Amino acid sequence: MTHTDAVDVLNTIYGYDAFRGQQADIINSVIDGNDALVLMPTGGGKSLCYQIPSLVRSGVGVVVSPLIALMQDQVDALRALNLNAQFINSTLDAESVRSIEADLRQGTVDVLYVAPERLLMPSTLALLDELEVALFAIDEAHCVSAWGHDFRPEYMGLSVLAERYPAVPRIALTATADRRTREEIAKNLDLVHAQHFVSSFDRPNIRYLIRESQSSREELWRFIKAFHPEDSGIVYCLSRKKVDDTAAWLEKKGRVALPYHARMSARDREQNQNRFLREDNVIIVATIAFGMGIDKPDVRFVAHLNLPKSVEAYYQETGRAGRDGEPANAWMSYGLQDVITLRQMMQQSSADEQHKRVESHKLDAMLSLAEMTACRRQWILDYFDEPGSDACGNCDNCLTPPETYDATEAAQKAMSCVYRTGQRFGVNYLIDVLQGKSTDRIVQFGHDQLSTFGIGADIAPTDWRGVFRQLIAHNFLAVDLEGHGSVKLTEQARPVLRGEQSLQFRRQLATVKPKRQRSARARAPVSIAASDQPLWDALRSLRKDLADEASVPAYVVFTDATLADMVQKRPGSLEEMSMVSGVGDHKLERYGVEFLAVVEQFEAEIDGV
Ligand code: ADP
Ligand code: ZN
């Protein structure tokens with residue numbers, strides 16, 4: 001059964017033509033009063049799944065959301081559609097809370113956001129007892145799972161909703177993929193009869209680019225300059241110091257780049273986060289402390305200057321790009337030192353043995369993803385239990401298949417050198433021995449007398465680093481914690497040393513001729529033809545002015561996807577403007593004329609008037 005009301009709300013309020021993926025099924029089921037557990041990737045369109053049933057069913061839709069700091073933006077986005085959205089949290093004074101409570105009793109509120117600890121306060125529950133509640137939506141539902149990466153004890157209490165309001169449908173939503181977390185959500189939220197809606201985790205609009213590099217920062221700048229000269233993006237670094245340095249460096253290059261890490265004061269962090277959300281072209285440079293719950297739809301790139309610890313983390317962090325469905329880049333650069341550092345961190349971890357094994361397994365998977373030569377997306381989807389997809393055509397390995405070479409002999413040389421020097425030295429020392437450099441230390445240890453001294457003089461040091469990196473990444477060599485990065489052989493090294501196993505490695509980038517791809521895409525962030533660039537810029541600039549005026553983030557006025565559709569459709573009347581995706585009744589009334597004027601101005605210029 002389809003609810004015509006739901007389609008009507010989608011068309012007139014949101015200005016969208018059609019539901020995406022499983023949205024229609026989920027929405028219809030919740031409107032009919034059923035519970036639902038929704039797993040959908042970031043950008044899949046989860047918000048509509050609870051917002052539309054909140055509007056179609058009578059009563060207020062209560063949304064449980066963990067991050068108080070972001071409630072304002074969620075509410076702003078709904079208000080821009082002329083809906084009555086409110087939040088109740090500790091930032092409000094008693095007066096405002098009373099006034100919202102009065103509205104709630106009057107039945108005029110469409111959607112109410114509340115944090116779990118607030119919802120579970122006796123006074124809030126007593127208030128809800130008096131109201132008609134359309135549904136409970138539990139956003140970021142993985143917070144209820146102890147296995148997940150973001151357990152929040154206050155989420156555990158939410159099972160009370162099932163007991164206290166058995167007639168009110170509950171919908172739990174998350175972008176976290178794995179089955180164990182899903183089962184825990186169902187159990188801990190008492191969602192026994194809920195239908196599970198599991199979408200594909202593919203993010204086809206995100207292009208995966210992973211490269212090995214000696215000078216990540218320079219590479220990063222080249223990437224930003226060529227592909228995202230004016231876009232919002234997130235740059236992830238491992239340490240606070242690197243965050244501060246990189247932000248300062250990007251600022252010097254002329255970009256607005258703001259740091260974000262745990263050592264900063266809560267106020268500074270919030271200020272930087274707000275600028276990132278509100279302004280159009282801010283780069284935030286952050287540790288992984290940043291990003292949870294960030295709904296900014298027009299983040300055009302996520303860059304990693306260090307390797308994340310797991311594929312799960314990588315996928316979650318890169319997933320913050322391109323929520324609006326427009327093209328976005330997930331770019332990463334890493335080197336030998338990253339591999340060594342992560343292997344060491346893993347050993348230093350205070351976790352118990354079993355936990356450590358899991359962590360080290362996850363790191364192995366991350367390193368395989370980084371070093372692989374086939375389609376990255378296919379591999380990632382397979383990793384998340386979605387096997388059988390085709391090569392994607394939208395990752396670096398598909399676009400420019402990497403060169404590989406037979407590294408067996410080089411690996412044998414490297415590993416015998418490790419063995420003959422007593423498995424006590426780091427990679428730089430070993431490379432000096434291979435190169436036949438008579439440094440003081442080498443002479444002092446008598447390593448200039450070894451059979452492996454100078455056997456690698458024909459291979460450049462950068463290439464040797466590539467060999468060692470891949471040997472460590474693929475577990476032929478282990479990094480010793482005590483020995484300050486010294487490496488030793490693992491069991492896996494034997495068959496290679498005995499000549500029973502051959503190795504294919506990625507060729508170092510330095511020795512591969514870079515292929516420059518120059519296209520219109522190189523400049524425009526979304527799919528905008530070069531000739532449409534001026535119109536695109538003008539629309540963005542109008543959007544910024546209107547957003548500043550209302551002090552809301554630019555995307556609350558219109559998303560990039562909507563502006564791109566405007567460029568494509570070039571509406572010549574309000575009627576045509578209403579056909580643009582994302583232009584609903586209220587936004588048409590509020591902004592239609594001004595955007596139309598900009599489009600018309602460019603039409604006139606093209607006609608040569
Ligand atoms: P999620 O919460 O799953 O990450 P959102 O709900 O924020 O995703 O949706 C991502 C973007 O896609 C938003 O800009 C939203 O307005 C847009 N969107 C959602 N559903 C549709 C649809 N059916 N048609 C067009 N755009 C949509
Ligand atoms: Zn691919």
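Conventions used here
Residues numbered from 1 in each chain as written. Chains lettered and ligands numbered in written order. Predicted model: local features only at pLDDT ≥ 70, side-chain atom pairs only at ≥ 80, totals over all residues. Heavy atoms only, no water. Axes fitted to C-alpha atoms, helices over the stretch in contact; angles between N-to-C directions. Helix = DSSP H or I, 4+ residues; strand = E, 2+ residues; numbered from the N terminus. Parallel < 35°, antiparallel > 145°, perpendicular 65-115°, else oblique. Left-handed = near helix turned anticlockwise from the far one by under 90°. Contact = heavy atoms within 4.5 Å. Nonpolar A, V, L, I, M, F, W, Y, C, P; charged D, E, K, R; others polar. Near = heavy atom within 4 Å. Polar contact = N/O pair within 3.5 Å; in protein donor to acceptor, adjacent residues only side chain to side chain. Areas by Shrake-Rupley, 256 points an atom, 1.4 Å probe, with all protein chains shown as cover. Pairing = 2+ DSSP bridges. Donors = N, O, S within 2.8 Å, 3.2 Å for Na, K, Ca; no water. Tetrahedral: all angles 85-135°; square planar, octahedral: opposite > 155°, others 65-115°. Buried < 20%, exposed > 50% of the residue type's maximum accessible area, 1.4 Å probe, protein only. Core = buried A, V, L, I, M, F, W, Y, C linked by side-chain atoms within 4.5 Å. Domains from an automatic or database assignment. Salt bridge = Lys/Arg side-chain N within 4 Å of Asp/Glu carboxyl O.

Re the packing of helix H18 (residues 408–420) against helix H19 (residues 427–435)
Describing two packed helices takes the angle between their axes plus the distance from one axis to the other. Two numbers describe how H18 lies on H19: the axes approach to 10 Å, and their chain directions differ by 110°. Classified by the interaxial angle, the pair formed by H18 and H19 is roughly perpendicular. Between H18 and H19 the crossing geometry is right-handed. Facing H18, whose interface residues are Lys 413, Ala 414, Cys 417 and Val 418, H19 presents Leu 430, Val 433 and Leu 434. In terms of residue class, the contact of H18 with H19 is built from six nonpolar, no polar and one charged.

Describing the site of ligand 1
If you check the shell around ligand 1, you find 15 residues, and the closest are Tyr 16, Gly 43, Lys 46, Ser 47 and Arg 323. Separating a nitrogen atom of ligand 1 from a side-chain N or O atom of Arg 20 is a distance of 3.2 Å. Side-chain polar atom of Arg 323 to an oxygen atom of ligand 1: 2.5 Å apart, as the coordinates give it. Relative to its unbound accessible area of 570 Å², ligand 1 is 86% covered by the protein chains. Here the shell around ligand 1 gets three residues from one element, more than from any other, and that element is helix H3 (residues 46–56). Residue composition of the shell around ligand 1, grouped by class: five nonpolar, seven polar and three charged.

Things to note about the sheet that holds strand E12 (residues 301–304)
The strand order across the open sheet formed by six strands is E8-E13-E12-E9-E11-E10, and the pairing between neighbours is parallel. Because the sheet does not close on itself, it has two edges, and the strands there are strand E8 (206–212) and strand E10 (257–260). Recorded for the sheet is a direction-independent mean angle of 15° between the axes of neighbouring strands. Running over the sheet, helix H15 (residues 353–371) touches E8 and strand E13 (328–334) and is turned about 105° from E13.

Quick notes on the coordination of the zinc ion (ligand 2)
Distances from the zinc ion (ligand 2) to its protein donors, Cys 375 (SG), Cys 392 (SG), Cys 395 (SG) and Cys 398 (SG), fall within 2.3 to 2.4 Å. Coordination at the zinc ion (ligand 2) is tetrahedral: its four donor atoms span angles of 102 to 119° at the metal. Mapped onto the polypeptide sequence, the residues donating to the zinc ion (ligand 2) form the spacing pattern C-x16-C-x2-C-x2-C. Of the two residues, Cys 375 is situated in the loop between H15 and helix H16 (376–383) and Cys 395 in the loop between H16 and helix H17 (396–399); the sequence distance between them amounts to 20 residues. Judged by relative accessible area, which is 6%, Cys 375 ranks as buried.

Overview of the nonpolar core
Counting residues in hydrophobic clusters, the biggest one holds 107 residues, and the most contacted among them are Phe 468 and Leu 471. The residues contacting Leu 471, other than those within four sequence positions of it, are Ala 411, Ala 414, Met 415, Phe 476, Leu 477, Leu 503 and Phe 505. One finds Phe 19, Ile 26, Val 30 and Met 71 within the second-largest nonpolar core, a separate group that totals 32 residues.

Here's the deal with the pairing of strand E5 (residues 133–138)
Counting buried positions along E5 gives six out of six residues, so the element sits mostly inside the fold. For strand E2 (residues 60–64) and E5, the ladder comprises five bridges, and the chain directions are parallel. Counterpart to Gly 61 in the pairing with E5 is Leu 135. Here three bridges tie E5 to strand E6 (residues 170–174), and the two strands are oriented parallel to one another. Paired with Ile 138 across the strands is Ala 172, a residue of E6.

Focus on the side chain of Gln 273
Considering the arrangement of structural elements, one finds Gln 273 in helix H12 (residues 266–278). A relative accessible area of 9% means that Gln 273 is categorised as buried.

Quick look at unusual backbone geometry
Positive phi, normally seen in glycine, also occurs at Asp 190, with a value near 60°. Tracing the backbone shows Asp 190 in the loop between helix H9 (179–188) and strand E7 (195–198). With a phi close to 55°, Gln 423 is a non-glycine residue in the positive phi region. Take Gln 423: it is sitting in the loop between H18 and H19.

Notes on the domain arrangement of the chain
Splitting the chain by domain gives domain 1 (6–198), domain 2 (206–399), domain 3 (404–506) and domain 4 (530–607). Taking only C-alpha atoms into account, the centre of domain 3 sits 59 Å from that of domain 4.

A short note on the environment of Val 243
Its place among the elements puts Val 243 in helix H11 (residues 240–252). Separated by 213 residues in the primary sequence, Val 243 and Gly 456 place their C-alpha atoms 37 Å from one another.

Considerations on the sheet that holds E2
On the basis of which strands lie adjacent, the open sheet formed by seven strands has the order E3-E4-E2-E5-E6-E1-E7 and parallel pairing. The open sheet has two edge strands with one neighbour each: strand E3 (85–88) and E7. Averaged over neighbouring strand pairs, the angle between their axes works out to 20° when direction is ignored. With four bridges joining them, strand E1 (residues 36–39) and E6 adopt parallel strand pairing. Counted as the bridge partner of Val 38 is Leu 173 from E6. Sheet strands touched by H3: E2, strand E4 (111–114), E5 and E6. Its angle to E6, the strand with the most contacts, is close to 165°.

A closer look at H9
Here H9 has its buried residues at Thr 181, Arg 182, Glu 184, Ile 185, Ala 186 and Asn 188. Looking at the packing, one finds that the buried side of H9 touches E1, E6 and E7. Phi turns positive, to about 60°, at Asp 190, one or two residues after H9.

Regarding the pairing of E1
Where burial is concerned, the two faces of E1 agree: the one with Ala 36 and Val 38 and the one with Leu 37 and Leu 39 are both buried. The pairing of E1 with E7 spans four bridges and is parallel. In the sheet register, Ala 36 faces E7, and the bridge partner there is Gln 195.

Some details on the pattern of salt bridges
Opposite charge on two side chains permits pairing when their charged atoms draw close. All told, the structure shown has 29 salt bridges when counted by the stated rule. Residues Arg 570 and Asp 532 are paired through a salt bridge, measuring 2.7 Å at the closest nitrogen-oxygen approach. Linking Arg 570 in the loop between helix H25 (560–569) and helix H26 (574–577) with Asp 532 in the loop between strand E17 (504–506) and helix H23 (533–549), this pair joins segments that are 38 residues apart in sequence. Of the two residues, Arg 570 and Asp 532, both sit in the buried class. Notably, a salt bridge pairs Lys 544 with Asp 548, separated by 2.9 Å at the nearest N-O pair. With Lys 544 and Asp 548 both in helix H23 and four residues apart, the pair spans about one turn of that helix. Look at Lys 544 and you get partly exposed, because its relative accessible area is 32%. The network of salt bridges with shared partners includes Asp 280, Arg 300, Asp 324, Arg 543 and Asp 560.

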